[in-house]
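# Summary of structural features
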Amino acid sequence: MAKGSSRNYSDRTLKILWGRAAGRCAVPTCRIELIVDATNYDPMVIIGQIAHIEASSDIGPRANPTKSAKDRDEYDNLILLCQNCHARLDGQKNTNTVEYIRQLRDDHEVWVRNSLPERGKSTTGWFVILLQGIHPFDLEPTISALIPDFPAGNPKIIKVNPDKENWTSLHDTLREEVELSFALSDPFESRIAVFPLAPISACITLGYHLTNRPRVRLFQYHRDNQSWRWPDIPTPEDSLSIINLPAEVDNNSGELAICFNLSSYITEDCISELGQSFINRINVTLDDPSTGWLQHPDQLIELASKARHTFEKCVSKYPKSYKWHIFYAGPAPGAVAVGQQINPTMCPPVQLYEYVHGRKPRYQPSILLFKE
């Protein structure tokens, strides 16, 4: 039985760890660059530290004596931190669990892939998807939001109008358009910029078929200044909560409601109008839902993380739930981000809904997502 690792990291492990972290501390409230540039008088300094998620020794924080010395030094057990965050996470080992720290690393890598600003123009450009509802796009402000990057070829416009085409046909169109896009390049190497101005069901479905494989940048249309550019402001401090997730496994067989309350709260009256029985209603919610909530791309990172966590917990806590119903009240790019977190290999069929003012029920069933 190994008592401790030799801290013998392979070159491959170091490249993966530093590359995926983009040389930054993985703690979201920190994220400082871990390489200090040289000056006229001093050399470059590395201030990053390689931390073990499960301890490098049998007596360290979050120790797992069953883990071999070799596995303790593999990428899966490592996280890149600054020395201050390293000391805090290890010093408060009861609060900072293995699961929490691994989630920190995974969320940071998603942030790097999706939101880290490009350093100058890329050489490949971005494949642009314009998800268009009944209102046409003005291409100039759309494309200018990519600066200093640029589109790779002409944007792909996907038109969605459920008044003229049924939801099943629209779902097929969205799936085919994504498959066609991926046929042109490796999904893992793809860089896709999505500008959505379409019904929520179409946005979730687009995200579902895009998955988390490509690098996706999502943009929000800011109506006050008629721009797709993100405001140059710090990340807002409001946070999302997950309500009603049980601590224990619920073996009841049935259907589950999952509600995203971002721009407004989805009331019980809206749900009850469907005449549907649910074994539980899970809420991903803001303390004070608002139509002006989304002002920074980091908020989409948090939403995606909360959605992924919610879906994973629903799979584990409700193993006999054979269908999920997702109700979403929020901005279009957030719906794409939520859709990306639905894993067809893990989740049961997912029924989506579209809010229709003046009709009963107000939430009308639209697209059913399932593994084909």
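Here, every reference points to the structure presented above.
Every value quoted in this text rests on a predicted model; they were computed, and no experiment measured them.

Taking strand neighbours across the sheet as the criterion, the four strands line up as β6-β5-β7-β8 in an open arrangement whose pairing is parallel. For this open sheet the edge positions go to β6 (156-159) and β8 (215-218), each flanked by a neighbour on one side alone. Across the sheet, the mean angle separating the axes of adjacent strands is 25° when strand polarity is ignored. The pairing of strand β5 (residues 127-132) with β6 spans four bridges and is classified as parallel. Looking at the pairing, leucine 130 lines up with isoleucine 157 of β6. Sitting on the sheet, helix α6 (residues 167-183) touches β5, β6 and β7 (191-197), and the angle it makes with β6 is about 165°.

A word on the packing of aromatic side chains. Overall, the coordinates contain 11 aromatic pairs when judged by the stated rule. Measuring from ring centre to ring centre gives 5.7 Å for phenylalanine 137 and tryptophan 228, while their planes differ by 20°; the resulting arrangement is stacked. With phenylalanine 137 in the loop between β5 and α5 (139-144) and tryptophan 228 in the loop between β8 and β9 (240-243), this residue pair connects regions lying 91 residues apart in the sequence. Across this residue pair, the class does not change: phenylalanine 137 and tryptophan 228 are buried. Between phenylalanine 195 and tryptophan 228 the ring centres are 5.2 Å apart and the planes differ by 80°, which places this aromatic pair in the edge-to-face class. A residue pair is termed long-range when its members are at least 10 positions apart, and phenylalanine 195 in strand β7 and tryptophan 228 in the loop between β8 and β9 qualify at 33 residues. On the basis of relative accessibility, which here comes to 2%, the residue tryptophan 228 falls in the buried class. Taken together, Phe137, Phe195, Phe219, Tyr221 and Trp228 form an aromatic cluster joined through their ring pairs. Directly above the ring of tyrosine 75 sits arginine 105, whose terminal nitrogen or CZ lies 4.6 Å from the centroid. When the ring centre of tryptophan 126 is taken as reference, the NZ or CZ atom of arginine 217 above it lies at 5.0 Å.

Here the residue pair lysine 360 and proline 361 is connected by a cis peptide bond, since its omega of -5° sits within 30 degrees of zero. By the secondary structure assignment, proline 361 is in the loop between β13 (350-355) and β14 (363-369). Residue threonine 211 is not a glycine yet carries a positive backbone phi of 60°. Here threonine 211 is to be found in the loop between α7 (200-210) and β8. Even without glycine at this site, asparagine 244 takes up a positive phi of about 85°. Assignment of secondary structure puts asparagine 244 in the loop between β9 and β10 (254-261).

Take the nonpolar core next. Proteins that are soluble and globular tend to have nonpolar side chains buried together. By size, the foremost hydrophobic cluster in this structure holds 63 residues, and its most contacted members are Phe195 and Phe260. The dominant element in this core, judged by the number of residues it contributes, is α7, at seven residues. Setting aside its immediate chain neighbours within four residues, phenylalanine 260 contacts Ile266, Val284, Leu303, Ala307, Phe311, Ile326, Phe327, Tyr328, Ala329 and Val338. In terms of nonpolar packing, the next biggest core, distinct from the first, is built from 21 residues, Leu17, Val27, Leu80 and Cys85 among them.

In this section: the pattern of salt bridges. Note that side chains of opposite charge can pair when their charged atoms are close. Evaluation of the coordinates by the stated rule reveals 14 salt bridges. Salt-bridge contacts for glutamate 268 lead to arginine 281; the nearest nitrogen and oxygen are separated by 3.2 Å. Here glutamate 268 is found in helix α8 (residues 268-272), whereas its partner arginine 281 is found in strand β11 (residues 280-286), with 13 residues between them in sequence. The exposure class of arginine 281 is buried, given its relative accessible area of 8%. Between arginine 362 and glutamate 273 there is a salt bridge, with its nearest N and O atoms 2.6 Å apart. Separated by 89 residues along the polypeptide, arginine 362 in the loop between β13 and β14 and glutamate 273 in the loop between α8 and β11 bring together distant segments of the chain. Assessed through its relative accessible area of 21%, arginine 362 is described here as partly exposed. Judged by relative accessible area, which is 24%, glutamate 273 ranks as partly exposed. A network of salt bridges, in which partner residues are shared, links Asp76, Arg105 and Asp106.

Looking now at the side chain of histidine 222. For histidine 222, the location among the structural elements is in the loop between β8 and β9. Using a relative accessible area of 9% as the deciding quantity, one classes histidine 222 as buried. If near-sequence neighbours (up to four positions away) are discounted, histidine 222 is found in contact with Ser227, Trp228, Arg229, Trp230, Pro231, Leu294 and Gln295.

Here we come to a nonpolar patch on the surface. A cluster of nonpolar side chains, namely Ile35, Met44 and Ile46, defines an oily patch on the protein surface of about 310 Å² accessible area. With respect to the helices and strands, isoleucine 35 occurs in strand β1 (residues 35-36). Taking relative accessible area as the criterion, isoleucine 35 reaches 38% and is therefore assigned partly exposed.

Ordered by their spatial adjacency, six strands build an open sheet running β9-β11-β10-β12-β13-β14, and the pairing between neighbours is mixed. Edge positions in the sheet fall to β9 and β14, since each of these pairs with one other strand and no more. The mean angle between the axes of side-by-side strands here comes to 20°, regardless of whether they run parallel or antiparallel. Note: strand β12 (residues 321-329) against β13, three bridges, orientation parallel. Bridge assignment links histidine 325 to a residue of β13, and that residue is glutamine 351. α6 contacts β13 and β14 of the sheet and is inclined by roughly 40° relative to β14. Here helix α9 (residues 297-317) sits on the sheet and contacts β9, β10, β11 and β12; the angle it forms with β10, its principal contact strand, is near 165°.

Definitions and cut-offs
- Residues numbered from 1 in each chain as written.
- Predicted model: local features only at pLDDT ≥ 70, side-chain atom pairs only at ≥ 80, totals over all residues.
- Heavy atoms only, no water.
- Pairing = 2+ DSSP bridges.
- Helix = DSSP H or I, 4+ residues; strand = E, 2+ residues; numbered from the N terminus.
- Axes fitted to C-alpha atoms, helices over the stretch in contact; angles between N-to-C directions.
- Contact = heavy atoms within 4.5 Å.
- Phe/Tyr/Trp six-rings, centres within 6.5 Å; stacked < 30°, edge-to-face > 60°.
- Buried < 20%, exposed > 50% of the residue type's maximum accessible area, 1.4 Å probe, protein only.
- Lys NZ or Arg CZ within 6 Å of the ring centre and 35° of its normal.
- Core = buried A, V, L, I, M, F, W, Y, C linked by side-chain atoms within 4.5 Å.
- Salt bridge = Lys/Arg side-chain N within 4 Å of Asp/Glu carboxyl O.
- Patch = residues over 30% accessible without salt bridge, like charges linked within 9 Å, V, L, I, M, F, W, Y side chains within 5 Å.
- Areas by Shrake-Rupley, 256 points an atom, 1.4 Å probe, with all protein chains shown as cover.

So, to be careful, I would describe these as geometric facts and stop short of saying anything about function.
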